[in-house]
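# A closer look at the structure
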Amino acid sequence: MALVSAKEMLEKARDGKYAVGQFNINNLEWTKSILLTAEELKSPVILGVSEGAGKYMTGFKTVAAMVKAMIECLNITVPVALHLDHGTYDGCYKCIEAGFSSIMFDGSHFPIDENIEKTKELVKVCKKKGISLEAEVGAIGGEEDGVVGKGECADPDECMKIADLGVTMLAAGIGNIHGKYPANWEGLSFETLAAVKDKVGDMPLVLHGGTGIPVEMIKKAISLGVAKINVNTECQLSFQEATRKYIEEGKDLVGKGFDPRKLLAPGCEAIKATVKEKMEIFGSIGKA
Ligand code: 13P
């Protein structure tokens, strides 16, 4: 199956009261593990690529070519969207040119009028190409690939202005943070989420910072209109833990245990388990 825009899968998720997971990729192992899990569980999936990860993988063109070829070679039949995560204005155009099927323009650090102006331009381009577009209002806290956010809650009126431009989905800051949540985290602001939902109506909402949010909060967020949840750090942590265990147990020193395909295998299995666990919580299994 060819790459698809995220529009249809998110509208279905919104109507069916579940969420589609966006799992960020860093390399071939991440991509393969996530695609195989989505296929096994018959779940739609969104592969997220930050600008830093795109650069690491030598460029968005490499990423798009790898993902498209992998979908074909692995006979992946579930809907897969390849999505730019927290894109700059220029980065969005690069991904559109490279063949991504979905992009996020993160204009949240601009004054709202500039965010609106730039988002509006991208809406036109994306509509023409059939690509889904995510916009952001109110910053997501923490740091991801050098993008640092203060974590302020979104202004529902500003959300309405951006939603009215015709974007496909909207990320609104509701106290969520990239990376691990600190012990003194106050939790998601459902008050903000409900106020945003009230203003934007049917627009599928996106919850960033999916790592470490308690299950009950995730379920409540879905009931209030969240249809896409982003997970990045949690896959990195499970990969790290499994790889550390393999090496600490000295398995790399036995026989051909140093073979990268063996060395990276436990980490890949750990990513698969994390993706499965998230898909179960999000309710996307069997929804492809
Ligand atoms: P986490 O790294 O906290 O899971 O957040 C991922 C994310 O929101 C990607 O945009």
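What comes next concerns the included structure.

### Brief notes about the site of the ligand
Residues in close proximity to the ligand total 14 residues, the closest being Asp85, Gly179, Gly209, Thr211 and Thr233. For the ligand, an oxygen atom lies 2.8 Å from a polar atom in the backbone of Gly179. With respect to the ligand, the side chain of Thr233 contributes an N or O atom lying 2.5 Å from an oxygen atom. Broken down by secondary-structure element, the contributors of at least two residues to the shell around the ligand are strand S3 (80-87) and strand S10 (226-231). For the shell around the ligand, the class distribution of residues is two nonpolar, ten polar and two charged.

### Description of the environment of Thr58
Relative to the assigned elements, Thr58 resides in the loop between helix H3 (51-56) and helix H4 (60-73). Residue Thr58 is classed as exposed on the basis of its relative accessible area of 64%. Spatially, the C-alpha atom of Thr58 lies 32 Å from that of Gly250, the residues being 192 residues apart in sequence. Side chain to side chain, Thr58 and Thr62 meet in a polar contact 2.7 Å long.

### What to know about the pairing of S10
Within S10, six of the six residues are buried, which leaves it mostly tucked inside the rest of the structure. As defined by bridge partners, strand S1 (residues 20-24) adjoins S10 across four bridges and the pair is classed as parallel. By the bridge assignment for S10, Val20 is matched with Lys228. For strand S9 (residues 205-207) and S10, the ladder comprises three bridges, and the chain directions are parallel. Counterpart to Leu205 in the pairing with S10 is Val226.

### Considerations on the packing of aromatic side chains
Pairs of aromatic rings are described using the distance from one ring centre to the other and the angle between the two planes. This model, assessed by the stated rule, comprises six aromatic pairs. Seen in terms of ring centroids, Phe105 and Phe110 are 6.4 Å apart; in terms of plane orientation they differ by 25°. Their pairing is stacked. For Phe110, a relative accessible area of 25% gives the class partly exposed. Taking the centre distance of 3.9 Å and the plane angle of 40° together, the rings of Tyr181 and Trp185 count as tilted. Members of the aromatic cluster, each reached through a chain of ring pairs, are Tyr89, Tyr93, Phe105 and Phe110. One cation-aromatic arrangement involves Lys118 over Tyr89; the distance from NZ or CZ to the ring centre is 5.9 Å.

About the thresholds
- Residues numbered from 1 in each chain as written.
- Predicted model: local features only at pLDDT ≥ 70, side-chain atom pairs only at ≥ 80, totals over all residues.
- Heavy atoms only, no water.
- Near = heavy atom within 4 Å.
- Polar contact = N/O pair within 3.5 Å; in protein donor to acceptor, adjacent residues only side chain to side chain.
- Helix = DSSP H or I, 4+ residues; strand = E, 2+ residues; numbered from the N terminus.
- Nonpolar A, V, L, I, M, F, W, Y, C, P; charged D, E, K, R; others polar.
- Buried < 20%, exposed > 50% of the residue type's maximum accessible area, 1.4 Å probe, protein only.
- Pairing = 2+ DSSP bridges.
- Phe/Tyr/Trp six-rings, centres within 6.5 Å; stacked < 30°, edge-to-face > 60°.
- Lys NZ or Arg CZ within 6 Å of the ring centre and 35° of its normal.

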